[in-house]
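Spelled out from the first residue to the last, the chains are:
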Amino acid sequence: MKEHVEKLYALSRKPSRRIIGLMSGTSLDGLDVALCRAEGSGPETHLSVEHFKTVPYEEDFRNAVREIFAKRQIDFQQLVLLNPFIGLQHGRMILECLVEWGVNTSEVDLIASHGQTVFHAPQKQHGIAGFPNATLQIGDGDHIAVTTGIITLSDFRQKHIAAGGEGAPLAVYGDYFLFSQKNENRILLNMGGIANFTFLPGNLDASRVFTTDTGPGNTLIDAFARLHFGKPFDENGRIAASGAVDEALLNALKDSSFFEQPFPKTTGPEVFSVDYVQNAMQLSGRNAVKPEDLIATLTQFSAETISEAIRNSMRSGETNAKQNAEVSEVYASGGGAHNPALMDAIGRLLGQNIRLIDELGVAGDAKEAVLFAVLANEAVAGEAVYFGEKKGVPGVSMGKISFPG
Ligand SMILES: Nc1ncnc2c1ncn2[C@@H]1O[C@H](COP(=O)(O)OP(=O)(O)OP(=O)(O)O)[C@@H](O)[C@H]1O
Ligand SMILES: CC(=O)N[C@H]1[C@@H]2OC[C@@H](O2)[C@@H](O)[C@@H]1O[C@H](C)C(=O)O
């Protein structure tokens, strides 16, 4: 119906838009819901977060997703059922948040839904000749639009792949628009299940922006905190602090082809899994490592691979950062920023104080949801931005449009 297209056209011309950004990451902790007010677009985007909440997932929901999450062999029906189910659940969670915040659905212009990643398979990882980079996020956008009555953009990663990327990291676009600062080189480090960073040059040159995943953030720490301690994660890094790093195991953990691949690159729990760690334990003959030493080692593994990716990408000229001559301030976000064992180790390895993204005006836990709101804002109101010819940051609009009726 043409009324929907006209509504979309009208909101693309509004001076500001109210957009709900949604993120449900690899940690499966819950749905991050950020109600944002966005003015302008591109490097002139001004965004404020009006409300933010992480709606925790019920254990049943989490287990249903875990049945198919990052697995090569699954019950196909479970995948098909979860696609609309997650869309419906996310739609209902949004409605609950709006009631809690006293905001009517008619006061929201757009929803930007990341969906739930269930499998990430860049070509370098699946290695199957003739098949492209691939990734799958479920939680159908039509179901969110119909449940909420709000125009919904979803499935952002496919266009990135179609335009030559690996479908991730997408944070780079919003990072550049919201957090670039003249005369300060910045590294925005996000530590969710998987860790990634964006380099933002202080000369604001979009073609020098750089982004990559670095490997595990919290995913392995979480998996073994669950297995050995019955806890969802290592709260405040206490378990890691009580253990000692096992060097032989650490070396075996670092011996993966992912770390040899050139930048930029992406990965997921498909690679960095319980099996991955158990394999490293076997290869290093460290099967009997104490649980607290294992958590300390996994924390150090994340810290070292994060800091080495930052160092090496700078050195290799990916960022044109002139062989380390230019210092960057590092701002952390994501759940890993709450883990002092991880933060301190990265600070020590990089030899600098790691700051929090919160200093730049957006709460670290809300950042990824906010960045999807920025992508939706760009899709409806942005102009083309040229990020240069290098891989990983194609200048394309992203998100598929679902109308509510
Ligand atoms: N107080 C804390 N101490 C230690 N770790 C914490 C704390 N709070 C959160 N975390 C970690 O952060 C994780 C959640 O992080 P986050 O929500 O950023 O991940 P995500 O968005 O699911 O992942 P991704 O960015 O990979 O998609 C938890 O699973 C836990 O490992
Ligand atoms: C395929 C996928 O969902 N990747 C996530 C994941 O979580 C962190 C890292 O791996 C990053 O590449 C990405 O998410 C963020 C939001 C991104 O695209 O920037």
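See the structure shown above.
Residues numbered from 1 in each chain as written. Chains lettered and ligands numbered in written order. Predicted model: local features only at pLDDT ≥ 70, side-chain atom pairs only at ≥ 80, totals over all residues. Heavy atoms only, no water.

1. Describing the sheet that holds strand β9 (residues 210-216)
Okay, so step 1: Pairing is mixed in the open sheet, where five strands are placed in the order β9-β8-β7-β10-β11. This sheet does not close on itself; its edge strands, each paired only once, are β9 and β11 (355-356).
Okay, so step 2: As defined by bridge partners, strand β8 (residues 194-200) adjoins β9 across six bridges and the pair is classed as antiparallel. Residue pairing for β9: T198 is matched across the bridge by T211. (Pairing = 2+ DSSP bridges. Helix = DSSP H or I, 4+ residues; strand = E, 2+ residues; numbered from the N terminus.)

2. A look at the packing of aromatic side chains
Okay, so step 1: Scanning the entire structure with this criterion turns up 16 aromatic pairs.
Okay, so step 2: Taken together, a centroid distance of 5.5 Å and an interplanar angle of 75° make the contact between Y176 and F387 edge-to-face. Within this pair, whereas Y176 is found in helix α7 (residues 171-179), its partner F387 is found in the loop between α15 (367-381) and β12 (400-402), the two being separated by 211 residues in sequence.
Okay, so step 3: What makes Y176 buried here is its relative accessible area of 9%.
Okay, so step 4: Linked through ring pairs, F258, F259, F272, Y276 and F301 together constitute an aromatic cluster.
Okay, so step 5: Above the face of the F258 ring, K265 is positioned so that its terminal group lies 4.9 Å from the ring centre.
Okay, so step 6: Looking at K265, its charged tip hangs above the ring of F263, at a distance of 4.7 Å from the centre. (Phe/Tyr/Trp six-rings, centres within 6.5 Å; stacked < 30°, edge-to-face > 60°. Buried < 20%, exposed > 50% of the residue type's maximum accessible area, 1.4 Å probe, protein only. Lys NZ or Arg CZ within 6 Å of the ring centre and 35° of its normal.)

3. Brief notes about the site of ligand 2
Okay, so step 1: Taken together, 16 residues form the shell around ligand 2, and within it T117, R157, L170, A171 and D213 come nearest.
Okay, so step 2: Within the contact set of ligand 2, an oxygen atom lies 2.7 Å away from a side-chain nitrogen or oxygen of R157.
Okay, so step 3: One nitrogen or oxygen atom from the main chain of L170 is found 2.7 Å from an oxygen atom belonging to ligand 2.
Okay, so step 4: Contact with the protein chains hides 97% of the accessible area of ligand 2, taken as 430 Å² for the molecule alone.
Okay, so step 5: Those elements giving two or more residues to the shell around ligand 2 turn out to be β4 (110-121), β5 (134-138), β8 and α15.
Okay, so step 6: Here the element with the most residues in the shell around ligand 2 is β4; it accounts for three residues.
Okay, so step 7: When its residues are assigned to classes, the shell around ligand 2 shows seven nonpolar, six polar and three charged.
Okay, so step 8: The residue makeup of the shell around ligand 2 includes at least three contributed by each of domain 1 (2-171 + 366-402) and domain 2 (180-360). (Near = heavy atom within 4 Å. Polar contact = N/O pair within 3.5 Å; in protein donor to acceptor, adjacent residues only side chain to side chain. Areas by Shrake-Rupley, 256 points an atom, 1.4 Å probe, with all protein chains shown as cover. Nonpolar A, V, L, I, M, F, W, Y, C, P; charged D, E, K, R; others polar. Domains from an automatic or database assignment.)

4. With respect to unusual backbone geometry
Okay, so step 1: With an omega of -20°, the peptide bond running from A168 to P169 counts as cis.
Okay, so step 2: Looking at the secondary structure, you find P169 in the loop between α6 (157-162) and α7.
Okay, so step 3: P264 follows F263 through a cis peptide bond whose omega is -5°.
Okay, so step 4: By secondary structure assignment, the location of P264 is in the loop between α11 (257-260) and α12 (274-283).

5. Remarks on the side chain of T266
Okay, so step 1: For T266, the position within the fold is in the loop between α11 and α12.
Okay, so step 2: Exposure remark for T266: the relative accessible area of 3% places this residue in the buried category.
Okay, so step 3: At 2.8 Å, the side chain of T266 forms a polar contact with the side chain of H120.
Okay, so step 4: At a separation of 2.5 Å, a polar atom in the side chain of T266 contacts the side chain of E166.
Okay, so step 5: Residues within four places of T266 in sequence aside, it is in contact with H120, P122, E166, A168, P169, D213 and F258. (Contact = heavy atoms within 4.5 Å.)

6. Looking at the environment of V396
Okay, so step 1: Note on placement: V396 falls in the loop between α15 and β12.
Okay, so step 2: Residue classification places V396 among the partly exposed positions, given a relative accessible area of 29%.
Okay, so step 3: Between the C-alpha atoms of V396 and N312, which are 84 residues apart in sequence, the distance is 28 Å.
Okay, so step 4: Among residues more than four places away in sequence, those in contact with V396 are K159 and A163.

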